[in-house]
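Residues per chain, in single letters:
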Amino acid sequence: MDTLRAPGHVFVSYAHTDRAYLDLLVPFLTSAGIDLWFDRQVANGQRWRDVLRNKIETSAALIVVMSPAAEESHWVEVELTHAAELKKPILPLLLSGKRFFTLNNLQCEDVAEGTLPSAAFVERLRAIVKHRLDTLPAHDPQEFRARTPWMVRPLAASVVDRPELTDPVVAALTRGEVNTVGVAGVYGAGGFGKTTIAQLVCHRDAVRAYFTGGLLWAEVGQDRRGADLTALLADLCEQVGGVRPTFATPEQAGRRLHELLQYKPRTLLVIDDVWEPGQLKPFMEGSGVTRLVTTRIPGLLPDDAVAVRVSELTYDHARSVLLTNLPSLPESTTARLLALTGGWALPIAIINGSLRRSRRDGVDPAMAGEQLATELMARGLVALDLGNRLSREKTITATIESSLALLDRGLRERFMQLAVFPEDTEVPLRTVAELWAGTFGLSTDQTHASCAELAELSLLGDYRPGRGLRLHDVVRSYLQHQQGSPQLRVAHRSLVSRSISMLRALRTVDDGDAIPWWDLPADEEYQWQWITYHLSHAGMQDDLHRLLLDLRWAEAKIKRFGPTSVVTDLQRANDPTLGILRNAIGQRSEILRPVNPHHSVADVLVYHLSGVLQLRNVVDSFISHLSTGSARLVRPAQNAAIGSVGAGGWGGSALAVARNGEWLVTGHQVGQLTVMRTATGAVQCVLRGHRGGINSTAIAPDSSWLASGGDDDTVRIWDAVTGEPRMTLRGHRSWITAVAIAPDGNWLASASHDRTVRIWDAETGEPRAILTDHTNMVNAVAISPDGTWLASARWDETIRVWNVATGTQTDKLSGNMISVTGVGISPDGSWLATTSCDGSVRLWDVTTGQQRHKLTAGHSELTAIAIAPNGLYAAATGIDGVVRIWDVETSNPLCAMRLKDPLRAVCWWPDGHGLVVTSMAGCHAFALAMPG
């Protein structure tokens with residue numbers, strides 16, 4: 001019986017010389033309910049690197065056991081690099097030696113001498129695993145597990161089972177050893193029933209019972225690749241997880257789909273109508289997923305696939321299809337018709353439709369059959385040679401035209417116009433009605449009647465009354481050949497014109513000659529996806545270019561479908577500027593994903609495209625249309641020079657802004673601080689002295705000196721004017737995680753991995769107090785505006801409040817948090833804010849110790865918090881590269897900005913009109929433009 005997979009394993013990276021410690025760690029964490037994976041479990045013969053990549057990709061987090069041997073290990077480096085690329089949570093355990101340089105910015109658990117991790121570490125790990133499952137859908141995890149899509153279309157009434165083909169496929173798919181089955185493939189020429197065989201298999205009770213996680217069906221087709229293929233995979237991810245993610249490439253989307261499926265019961269993935277290896281590759285990411293592939297090209301199937309060849313129907317099966325819903329025909333007539341069609345399923349189904357239509361019109365089926373056979377022979381058919389392409393084309397042409405002869409001229413012409421619609425796409429009947437209303441003046445009821453008549457003749461590949469239709473690709477190819485480009489162009493233009501009329505009727509503001517496609521109704525899904533296709537095929541290149549050069553369209557598409565949908569649209573135009581725009585969005589697709597609130601999508605677009613010189617006019621035009629009714633983060637008129645400055649090529653892990661706003665300082669993992677002039681971005685001085693990375697920095701109120709804390713267990717004080725070191729404060733027994741300076745500048749506080757907060761005299765460097773009531777590392781510290789108390793945040797779930805004068809704890813704030821990462825205090829000292837690995841900002845009342853509000857940032861781990869000088873707004877940074885601003889009073893998100901790299905720190909400008917953030921790649925400054 002199929003059971004739910006575990007909610008996520010944790011990958012352990014280690015050097016084999018540290019195996020003795022693993023023998024202690026594994027049973028300890030396993031007994032705590034953590035599912036671990038490490039390389040002892042790799043079976044002989046598996047490709048080592050591929051296995052490691054797969055296990056990391058499907059993991060919830062990665063633990064690395066740090067030691068000198070591990071730092072020298074090639075495989076540990078490979079594992080860490082891949083985990084970082086995937087933005088997996090990395091939890092270092094320091095067994096011996098020093099922290100890895102590349103992990104200096106991460107919280108680390110000290111397990112020297114082989115001690116086991118703390119209870120806080122275990123709880124954090126449990127929370128990350130649970131959190132990882134929570135991020136799969138936007139809904140409850142139980143709902144995610146229970147989600148069982150079964151994406152197979154109903155079988156047509158004329159379909160006849162072919163057990164000699166379906167039985168082997170069913171057996172292969174349900175063999176019970178998923179990893180050994182891998183793929184069951186069906187291959188054959190167009191119209192021979194590959195898709196039908198796959199549908200028959202998926203309608204089998206045994207298959208439905210076996211794949212309790214559901215069925216996913218991907219219709220690929222000849223032309224789907226690149227951004228279109230990415231969008232198809234994203235659709236499947238949405239079917240599984242309930243939310244539509246965004247990806248830059250099909251490979252990324254395929255990995256995500258595989259990851260989602262690891263959390264589900266057995267799920268069948270059908271990849272239908274594959275034409276190229278590149279189309280199949282992203283669906284083959286990872287192992288442990290059962291796939292059913294249909295293709296015309298047998299060489300595309302993997303070597304280990306269970307392959308079933310679909311060719312002509314047997315005589316008995318062909319006879320069954322021909323006589324579906326008909327009385328028996330004379331055997332000689334049956335034999336003549338089947339000989340002419342050569343057992344090819346598609347033309348046999350069309351002939352069946354013709355005979356059923358003749359019977360409905362009162363013609364004797366036997367007579368109609370003889371007449372049809374004679375007519376087909378008159379059209380040049382003798383006997384179908386299945387191996388000959390020209391013979392197949394002649395057969396399908398003759399059978400379709402024989403069926404069309406039963407229709408009136410108007411319906412024949414309307415049928416021909418269906419060639420305007422894209423391959424392997426269900427077209428809503430209301431869209432068909434719009435087309436025929438524009439070209440033939442038909443009503444909706446007349447459209448439905450026409451489609452039903454075509455479906456009766458088996459001329460439609462799939463027809464759902466009142467909903468939609470699709471053409472078989474063989475029939476669509478025939479229609480396109482018959483219509484020719486000029487006639488199709490007219491039909492495309494008619495459909496576009498009807499859509500324009502609809503938009504003009506809906507538009508309430510005058511916008512000159514611009515067609516406001518971005519105002520399409522939300523339920524016009526087909527138009528959103530395909531209007532650029534129709535503009536292109538209508539020959540309306542100027543209109544297409546005008547639309548694609550208007551970033552309001554890109555903004556609207558990103559909000560609905562993500563940036564890859566915009567790239568798909570841009571691929572339909574041939575224009576130098578649009579080519580630059582396509583490359584710019586494609587290269588930044590990971591950054592241009594939707595953010596919350598949605599109006600900030602426009603700001604992200606502007607920020608990341610404004611640096612492309614050739615797109616300046618495009619961006620400026622977009623800016624002129626932006627609403628002034630929402631808060632926005634924009635490039636500042638001043639301080640713009642620090643937009644992406646990193647000292648010596650190294651980004652910052654620490655940040656502070658001088659009170660006068662004229663300069664800022666960033667701390668780096670190379671052990672130096674860089675002081676920069678905010679007006680010009682020029683480096684004023686570089687401060688060197690730390691032996692290891694710098695984790696925090698703060699500037700004195702009078703801007704004359706600054707403090708920094710680093711991995712060398714020291715706090716250092718520097719002259720801000722000369723850059724010379726003033727003193728080094730020693731006493732902590734492990735690295736410094738945070739520093740803060742009192743409002744009067746007379747003292748400072750430092751937090752450390754050694755579980756203490758120390759208060760230092762700023763003039764003498766002597767310790768005033770040591771706050772020791774912590775049971776785990778202290779991540780952050782902040783000092784109240786009056787300097788009488790401070791707050792410290794621990795790696796566990798608590799914030800402690802201390803009386804500075806007495807050094808005693810006065811309060812402890814706790815809630816359902818995961819590893820508090822930052823703390824900030826309001827300007828009036830009445831409340832404080834914290835960030836956490838659970839993606840929340842929590843506001844606390846200092847007097848009562850109660851939580852006021854919880855502000856959510858989705859599923860990103862937050863890294864730092866800053867409160868605006870006026871106390872009205874809170875800004876937080878996350879490892880997802882997003883800085884978010886909330887209205888403190890209402891708890892509503894005001895605006896957001898996404899950058900490329902994980903963000904480490906945030907500071908407001910002293911005037912409160914903007915902020916600056918830092919990542920390992922550099923600093924970025926923003927102005928906050930409020931409504932009005």
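The rules behind the values
Residues numbered from 1 in each chain as written. Predicted model: local features only at pLDDT ≥ 70, side-chain atom pairs only at ≥ 80, totals over all residues. Heavy atoms only, no water. Pairing = 2+ DSSP bridges. Helix = DSSP H or I, 4+ residues; strand = E, 2+ residues; numbered from the N terminus. Axes fitted to C-alpha atoms, helices over the stretch in contact; angles between N-to-C directions. Buried < 20%, exposed > 50% of the residue type's maximum accessible area, 1.4 Å probe, protein only. pLDDT = per-residue confidence, 0-100. Contact = heavy atoms within 4.5 Å. UniProt positions renumbered as here; feature names shortened; annotations may be inferred. Salt bridge = Lys/Arg side-chain N within 4 Å of Asp/Glu carboxyl O. Polar contact = N/O pair within 3.5 Å; in protein donor to acceptor, adjacent residues only side chain to side chain. Phe/Tyr/Trp six-rings, centres within 6.5 Å; stacked < 30°, edge-to-face > 60°. Lys NZ or Arg CZ within 6 Å of the ring centre and 35° of its normal.

Next up on the list: the sheet that holds strand β39 (residues 903-908). Strand order in the open sheet formed by 4 strands is β14-β41-β40-β39, and the pairing between neighbours is antiparallel. Two strands in the sheet have a free side with no partner beyond their single neighbour: β14 (632-634) and β39. Along the sheet, successive strands turn relative to each other by an average axial angle of 30 degrees, direction set aside. As judged from the 3 bridges shared by β14 and strand β41 (residues 922-929), these two strands associate in the antiparallel manner. Bridge pairing in β41 links Val634 to Ala927.

Here we take up the pairing of strand β27 (residues 778-783). Within β27, 6 of the 6 residues are buried, which leaves it mostly tucked inside the rest of the structure. Where β27 lies against strand β28 (residues 789-794), 5 bridges are found, and the strand directions are antiparallel. Each bridged residue has a counterpart across the sheet, and for Ile783 the counterpart in β28 is Leu790. Hairpin connection, β27 to β28: the antiparallel pair is bridged by 5 residues, and Gly787 has positive phi, about 75 degrees.

Here the focus is the confidence of the model for the protein. For the protein, per-residue confidence averages 86 on the pLDDT scale, and residues scoring 70 or more make up 91% of the total. A low-confidence stretch, residues 178-183 stays under pLDDT 50, and its non-local contacts, those more than four residues away or across chains, total 21 contacts. Low pLDDT, under 50, characterises residues 643-650; the predicted model gives this stretch 19 contacts beyond four residues in sequence or across chains.

The UniProt feature table records "repeat: WD" (unreviewed entry) at residues 687-728, 729-770, 771-812, 813-854 and 855-896. Taken end to end, residues 729-770 has its terminal C-alpha atoms 13 Å apart, with 0% of it in helix and 52% in strand.

What follows concerns the pairing of strand β33 (residues 840-845). The element β33 is extensively covered by neighbouring structure, given that 6 of its 6 residues are classed as buried. Across the two faces of β33 the burial is the same, with Ser840, Arg842 and Trp844 and Val841, Leu843 and Asp845 all buried. In this sheet, β33 lies alongside strand β32 (residues 831-836) in antiparallel orientation, the contact comprising 5 bridges. Looking at β33, one finds that Ala833 is bridged to Leu843. Taking the residues that link successive antiparallel strands as the turn, the β32-β33 hairpin has 3 residues, and the phi of Gly839 there is positive, at about 80 degrees. Note: β33 against strand β34 (residues 851-856), 5 bridges, orientation antiparallel. If you follow Leu843 over to β34, its bridge partner there is His853. Remark: 5 residues form the turn of the hairpin made by β33 and β34, two consecutive strands paired antiparallel; Gly849 in that turn has positive phi of roughly 75 degrees.

On to the pattern of salt bridges. Applying the stated criterion to the full structure yields 38 salt bridges. Between Arg470 and Glu219 there is a salt bridge, with its nearest N and O atoms 2.4 Å apart. On the criterion of sequence distance, the pair formed by Arg470 in strand β13 (residues 468-470) and Glu219 in strand β7 (residues 214-219) is long-range, its members being 251 residues apart. Take Arg470 and Glu219: they sit in the same class, and that class is buried. Ionic contacts of the salt-bridge type, sharing partners, join the residues Arg357, Arg360, Asp361, Glu453 and Glu456 into one network.

Glancing now at the sheet that holds strand β16 (residues 663-667). Spatial strand order, β15-β16-β17-β18: 4 strands in an open sheet with antiparallel pairing. The open sheet has two edge strands, β15 (654-657) and β18 (683-688), and neither has a second partner. Here the strands of the sheet are splayed against their neighbours by 15 degrees on average, with no regard to which way each runs.

Moving on, we come to the environment of Glu219. On the basis of relative accessibility, which here comes to 14%, the residue Glu219 falls in the buried class. When the C-alpha atoms of Glu219 and Asp424 are compared, they prove to be 6.5 Å apart, with 205 residues separating the residues in sequence. Setting aside residues up to four positions removed in sequence, Glu219 forms contacts with Arg153, Arg224, Leu232, Asp272, Asp424 and Arg470. Polar side-chain contacts of Glu219 include one of 2.4 Å to the side chain of Arg153. A polar side-chain atom of Glu219 sits 2.4 Å from a polar atom in the side chain of Arg470.

For the rest of this paragraph, the subject is the packing of aromatic side chains. For the structure shown, the criterion picks out 8 aromatic pairs. Arranged with centres 5.4 Å apart and planes meeting at 10 degrees, the rings of Trp528 and Trp553 form a pair that is stacked. Remark: Trp553 occurs in helix α26 (residues 551-561) and Trp528 occurs in helix α24 (residues 525-537); sequence separation between them is 25 residues. Of the two residues, Trp528 and Trp553, both sit in the buried class. Cation over ring: Arg414 sits above Trp436, and NZ or CZ is 5.9 Å from the ring centre.

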